[in-house]
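Coordinate inspection notes
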Amino acid sequence: MNIGIIGARNIGANAARLFADAGHEVEISNSRGPESLASLVEEIGANARAATVEDAASFGEVVLVAIPFWRYESLPAEPLAGKIVVDAMNYYEGRDGRIDFGDLTSSELLTRRLPDARVVKAFNTMYYETLRTEGNRSGRDRLVLFIASDDEEAKAVVSRLIDEIGFEPVDTGSLGDGGRKQQPGSPIYNNPMTAGQARETLAGL
Ligand SMILES: NC(=O)c1ccc[n+]([C@@H]2O[C@H](COP(=O)([O-])OP(=O)(O)OC[C@H]3O[C@@H](n4cnc5c(N)ncnc54)[C@H](OP(=O)(O)O)[C@@H]3O)[C@@H](O)[C@H]2O)c1
């Protein structure tokens, strides 16, 4: 599968490496331009290329967004229309400034910027070092990556990708209810757990 990556450091670079190692083609982008990504793509290997944000967005059937949340309005809506957009972002007021969400989750607000994208919230609950080092465990020891979306087909695609890189997908629900469960402060946020532990914790929420 062709996967675009927007944001190329802690989360973006590690996710790109995992997808490329699983046999996918990845185009990676950041704010400084493709030249700044030469050593990263060389290190990841033949399945990775550096791109502009627009090109990575156009290239990906799935596009993972891992930039500071306050930059979300810079994302290009047109090339992301119809794409599965994986929202790995979290909102922290101290970093991102005060944003008025009304009743929306951060992923629901993202859908206002990207009205035709198929947004799946995932890869946002796991610390990047855990993502980097703890994939490919076997059986029941696998760690969970949580997913939320209003688009069941998109959820299935992202679940398969998560499985392929050695984590266990666990569905938290819609972008509203599920997305809220995945936000900072939740018991499932930044708390590595197996599927059994995840289902138990979710049942209490
Ligand atoms: N760190 C974690 O463990 C973790 C875990 C889960 C979720 N998250 C969330 O994931 C997101 C990224 O976190 P991170 O720790 O990976 O951040 P990071 O290491 O600071 O990397 C941010 C990346 O985004 C790029 N970027 C910034 N603004 C951009 C824009 N407008 N267009 C394109 N690229 C842009 C930066 O480009 P340059 O390299 O050119 O500066 C950089 O590559 C955040 O929302 C964070 O809350 C983080």
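What you see is a predicted model; the values in this text were computed from it and never measured.

1. Examining the pairing of strand β6 (residues 118–122)
The two faces of the sheet receive side chains in turn, since in a regular strand these alternate between them. Most of β6 sits out of view: four of its five residues are buried. Alignment of β6 against strand β7 (residues 144–149), held across three bridges, turns out to be antiparallel. In the strand pairing of β7, A122 is matched with I147.

2. Quick word on the site of the ligand
In the vicinity of the ligand, 25 residues are found, and the nearest of them are A8, S31, R32, I67 and Y128. Between the ligand and N30 there is a distance of 3.4 Å, counted from an oxygen atom to a side-chain nitrogen or oxygen. Here an oxygen atom of the ligand and a side-chain polar atom of R95 are 3.1 Å apart. The fraction of the free accessible surface of the ligand (890 Å²) that becomes covered by protein chains is 87%.

3. A closer look at the sheet that holds β7
Judged by pairing direction, the sheet is mixed, and its eight strands sit side by side in the order β3-β2-β1-β4-β5-β6-β7-β8 without closing on themselves. In the strand order of this sheet, the two ends are held by β3 (48–50) and β8 (168–173), each with one partner. Direction aside, neighbouring strands of the sheet carry axes that sit 25 degrees apart on average. Looking at chain direction, strand β1 (residues 2–6) and strand β4 (residues 62–65) are connected through four bridges and run parallel. By the bridge assignment for β4, I6 is matched with V65. Where helix α10 (residues 195–203) meets the sheet, it contacts β7 and β8, and its direction lies at approximately 10 degrees from that of β8.

4. Some words on the side chain of T130
Relative to the assigned elements, T130 resides in helix α7 (residues 128–133). Under the relative-accessibility criterion, T130 is labelled buried at 15%.

5. Details of the pairing of β4
Here β4 shows a buried face lined by V62 and L64 and a second buried face lined by V63 and V65. The sheet contact formed by β4 and strand β5 (residues 84–87) spans four bridges and is parallel. For V62, the partnering residue across the bridge sits in β5 and is I84.

6. Regarding the packing of aromatic side chains
Tallied over the full model, the rule gives six aromatic pairs. Aromatic side chains F69 and Y72 sit 4.7 Å apart centroid to centroid with 20 degrees between the ring planes, which places their arrangement in the stacked category. Residues Y91 and F101 carry aromatic rings whose centres are separated by 4.7 Å and whose planes lie at 65 degrees to one another, so their mutual orientation is edge-to-face. You can see Y91 sitting in the loop between β5 and α5 (93–96) and its partner F101 sitting in the loop between α5 and α6 (106–113), a full 10 residues away along the chain. Grouping residues by exposure puts Y91 and F101 together as buried.

7. Description of the side chain of D87
Within the secondary structure, D87 is located in strand β5. Within polar-contact distance, the side chain of D87 engages the backbone nitrogen of M89 at 2.8 Å. In this view, D87 contacts V65, S107, L110, V119, V120, K121, A122 and N124; residues no more than four positions away in its chain are not counted.

8. Overview of helix α8 (residues 152–164)
Given a rise of 1.5 Å per residue, 13 residues ought to cover 18 Å, and the 18 Å separating the end C-alpha atoms of α8 matches this to within 8%. Taken as a whole, α8 has its buried residues at A154, K155, V157, V158, S159, L161 and I162. Its side-chain oxygen 3.1 Å from the backbone nitrogen of E153, D151 forms the N-cap of α8. Of the residues one or two after α8, G166 is the one with positive phi, at around 90 degrees.

9. Overview of the nonpolar core
Within the largest apolar cluster, 38 residues are counted, with the highest numbers of intra-cluster contacts made by F19, I28, L64, F123 and F167. Ranked by residue count, the leading element in this core is helix α1 (residues 10–21), at seven residues. V65, L110, A117 and L175 belong to the second-largest nonpolar core, a separate cluster that totals 19 residues.

What counts as what
Residues numbered from 1 in each chain as written. Predicted model: local features only at pLDDT ≥ 70, side-chain atom pairs only at ≥ 80, totals over all residues. Heavy atoms only, no water. Buried < 20%, exposed > 50% of the residue type's maximum accessible area, 1.4 Å probe, protein only. Helix = DSSP H or I, 4+ residues; strand = E, 2+ residues; numbered from the N terminus. Pairing = 2+ DSSP bridges. Near = heavy atom within 4 Å. Polar contact = N/O pair within 3.5 Å; in protein donor to acceptor, adjacent residues only side chain to side chain. Areas by Shrake-Rupley, 256 points an atom, 1.4 Å probe, with all protein chains shown as cover. Axes fitted to C-alpha atoms, helices over the stretch in contact; angles between N-to-C directions. Contact = heavy atoms within 4.5 Å. Phe/Tyr/Trp six-rings, centres within 6.5 Å; stacked < 30°, edge-to-face > 60°. Expected span 1.5 Å × (residues − 1). Core = buried A, V, L, I, M, F, W, Y, C linked by side-chain atoms within 4.5 Å.

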